[in-house]
Amino acid sequence: RAGDGGAAKAPLIGMTPNAMGVVGNRRSTEDFEFGEVLGEGSYSTVTHVTTVHPPYREYALKVLDKEHIKRERKTKYVLIERDTLKTLDGHPGIIKLWWTFQDEWSLYYVLEFAENGELLHWIKKYGSFDLRSARYYLSQILSAVAFMHEKGVIHRDLKPENILLDRSMRVKITDFGTAKLLKQEEVAFGASLDEILSEGKESSFSSDFWALGCILFQLLAGRPPFQARTEYLMFQKIIKLEYEFPLGFPTDAKDLVEKLLIELSNVPQVVDPKARLGGDPSNGNGIEAVQSHPFFTSRIDVDARPPAAPPKH
Ligand SMILES: NC(=O)c1nn(CC2CCNCC2)c2c1CCc1cnc(N=C3C=CCC=C3)nc1-2
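Residues numbered from 1 in each chain as written. Predicted model: local features only at pLDDT ≥ 70, side-chain atom pairs only at ≥ 80, totals over all residues. Heavy atoms only, no water.

## Let's talk about the overall build of the protein
Point 1. Regarding its fold elements, the protein presents twelve helices and eleven strands.
Point 2. In the protein, buried positions account for 46% of the 313 residues.
Point 3. Residue pairs at least 24 apart in sequence account for 62% of intrachain contacts in the protein once pairs closer than 6 positions are excluded.
Point 4. Working note: accessible area of the protein is about 16,300 Å², and carbon and sulfur atoms make up 53% of it. (Helix = DSSP H or I, 4+ residues; strand = E, 2+ residues; numbered from the N terminus. Buried < 20%, exposed > 50% of the residue type's maximum accessible area, 1.4 Å probe, protein only. Contact = heavy atoms within 4.5 Å. Areas by Shrake-Rupley, 256 points an atom, 1.4 Å probe, with all protein chains shown as cover.)

The structure is reproduced here in structure tokens:
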């Protein structure tokens, strides 16, 4: 480090803030040992990596192919994901983007590693969750969604595949490549924002609430509410609200699912987005209405525990 005065100005050796403003001292793939591939997209691959220098840390390294991004005109989505993760930095329920770097061929996102993978894996492993476990997971997902919406981010693809679990089985939401990041002035609109957005139903906050209803159903039923052989048949079931609760589905959970799964349907009495739980923030029917629902607040007698942290894969 430089002498008097210089120390304050001289950057730490080998440590410079990147575009994220995050000081990362891993500037190339040489700094990582590559492990298993965790997931692949049309222009990216996510791999479990460990730093080769101490302190040894595990990350999920997302490698994005520059040529493919340009060819497929995906630059906008790449930037939305980066900016969204930067905007959401700091919430424990959202995968953290530690830093980024690039080389001639690729962009690299150094992301938090969620050791226990997808929530969907554990729903399939256990068949379905008990009420206490469903509340454990849904309350963490809701906390992350509340934070996202407060920051003007709509995920738009919330599902058990994109809800990851860390080594302590804590929720870590990922995959913001299709998220909508509202401009500051749009976020400033606050309560009336949802109405502006609900013209384009696919991009309003309510699409995340719909997803919460589907996730809660799946946690307790062990299957999604809507299943069909084709997308067209699926869409028909959704707009007609054609789904059935299995016998024994808990009452409070049933009520919450019914109140969340009314947004995208065209059932006459619910065309108004305000009819949906969470759909009218200006009248106290915002995300707080979901958080204060009896599903989260009523006593559960069953002394069930969320799935214990499982043995390593
Ligand atoms: N698209 C991504 O950004 C992404 N994709 N994955 C793996 C996907 C596998 C299919 N379902 C969605 C996620 C990740 C991330 C973020 C960062 C991230 C962090 N930890 C894990 N962990 C996993 C552990 C075991 C199996 C799968 C993923 N995965 C990811």
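## Overview of the sheet that holds strand β6 (residues 97–102)
In a beta sheet, neighbouring strands pair by backbone hydrogen bonds and run either parallel or antiparallel.
Point 1. The strand order across the open sheet formed by five strands is β3-β4-β5-β7-β6, and the pairing between neighbours is antiparallel. Only two strands of the sheet have a single partner each, and these edge strands are β3 (32–40) and β6. Pairs of neighbouring strands in the sheet enclose a mean axial angle of 25°, with direction left out of account. (Pairing = 2+ DSSP bridges. Axes fitted to C-alpha atoms, helices over the stretch in contact; angles between N-to-C directions.)

## Observations regarding the site of the ligand
Point 1. Neighbouring residues of the ligand: 17 residues in total, closest Lys 62, Ala 114, Glu 118, Glu 161 and Thr 174.
Point 2. Separating a nitrogen atom of the ligand from a backbone N or O atom of Ala 114 is a distance of 2.9 Å.
Point 3. Here a nitrogen atom of the ligand and a backbone polar atom of Glu 161 are 3.0 Å apart.
Point 4. Among the elements of the structure, β5 (58–65) and β7 (106–112) are those that each provide at least two residues to the shell around the ligand.
Point 5. Residues belonging to the shell around the ligand are distributed by class as follows: eight nonpolar, three polar and six charged. (Near = heavy atom within 4 Å. Polar contact = N/O pair within 3.5 Å; in protein donor to acceptor, adjacent residues only side chain to side chain. Nonpolar A, V, L, I, M, F, W, Y, C, P; charged D, E, K, R; others polar.)

## Some remarks on the pairing of β6
Point 1. Sheet topology note: the β6/β7 ladder contains five bridges and is antiparallel. The residue bridging Gln 102 from the neighbouring strand is Leu 107, located in β7.
Point 2. Hairpin connection of β6 to β7: three residues between the antiparallel strands.

## Comments concerning the pattern of salt bridges
Point 1. Applying the stated criterion across every chain yields a total of ten salt bridges.
Point 2. Lys 159 serves as the salt-bridge partner of Asp 157, at 3.6 Å between the closest nitrogen and oxygen.
Point 3. When its relative accessible area of 25% is taken as the criterion, Asp 157 is described as partly exposed.
Point 4. Salt bridges here are not isolated pairs; linked through shared partners, they connect Glu 58, Glu 115 and Arg 167. (Salt bridge = Lys/Arg side-chain N within 4 Å of Asp/Glu carboxyl O.)

## Quick notes on unusual backbone geometry
Point 1. Cis geometry is found at the peptide bond from Pro 54 to Pro 55, where omega equals 0°.
Point 2. Position of Pro 55 relative to the elements: it lies in the loop between β4 (44–51) and β5.
Point 3. Of note, the phi angle at Asp 175 is positive, near 65°, even though the residue is not glycine.
Point 4. By relative accessible area, which is 32% here, Asp 175 ends up partly exposed.

## Observations regarding the confidence of the model for the protein
Point 1. Overall, the predicted model of the protein reaches an average pLDDT of 83, with 74% of residues at or above 70.
Point 2. Scored below 50 in pLDDT, residues 264–271 makes 15 contacts in the model with residues more than four places away or belonging to other chains.
Point 3. Predicted confidence for residues 309–313 stays below pLDDT 50, and this span has ten contacts to residues more than four positions away or in other chains.
Point 4. ipTM for the predicted complex: 0.99, alongside a pTM of 0.84. (pLDDT = per-residue confidence, 0-100.)

## Brief notes about the packing of helix α8 (residues 206–221) against helix α10 (residues 251–260)
Packed helix pairs are characterised by how far apart their axes lie and by the angle those axes make with each other.
Point 1. The interhelical angle for the contact between α8 and α10, taken along N-to-C directions, is 150°, at an axis separation of 8 Å. The orientation of α8 relative to α10 falls into the category roughly antiparallel. Crossing of α8 over α10 shows left-handed handedness. Across from Phe 209, Trp 210, Leu 212, Gly 213, Leu 216, Phe 217 and Leu 220 in α8, the residues of α10 making contact are Ala 253, Leu 256, Val 257 and Leu 260. (Parallel < 35°, antiparallel > 145°, perpendicular 65-115°, else oblique. Left-handed = near helix turned anticlockwise from the far one by under 90°.)

## As for the pairing of β5
Point 1. Most of β5 sits out of view: six of its eight residues are buried.
Point 2. Pairing between β4 and β5: seven bridges, direction antiparallel. Bridge pairing in β5 places Thr 45 opposite Val 63.
Point 3. Turn length for the β4-β5 hairpin, with the two strands adjacent in sequence and antiparallel, is six residues.
Point 4. Where β5 lies against β7, seven bridges are found, and the strand directions are antiparallel. Paired with Ala 60 across the strands is Leu 111, a residue of β7.

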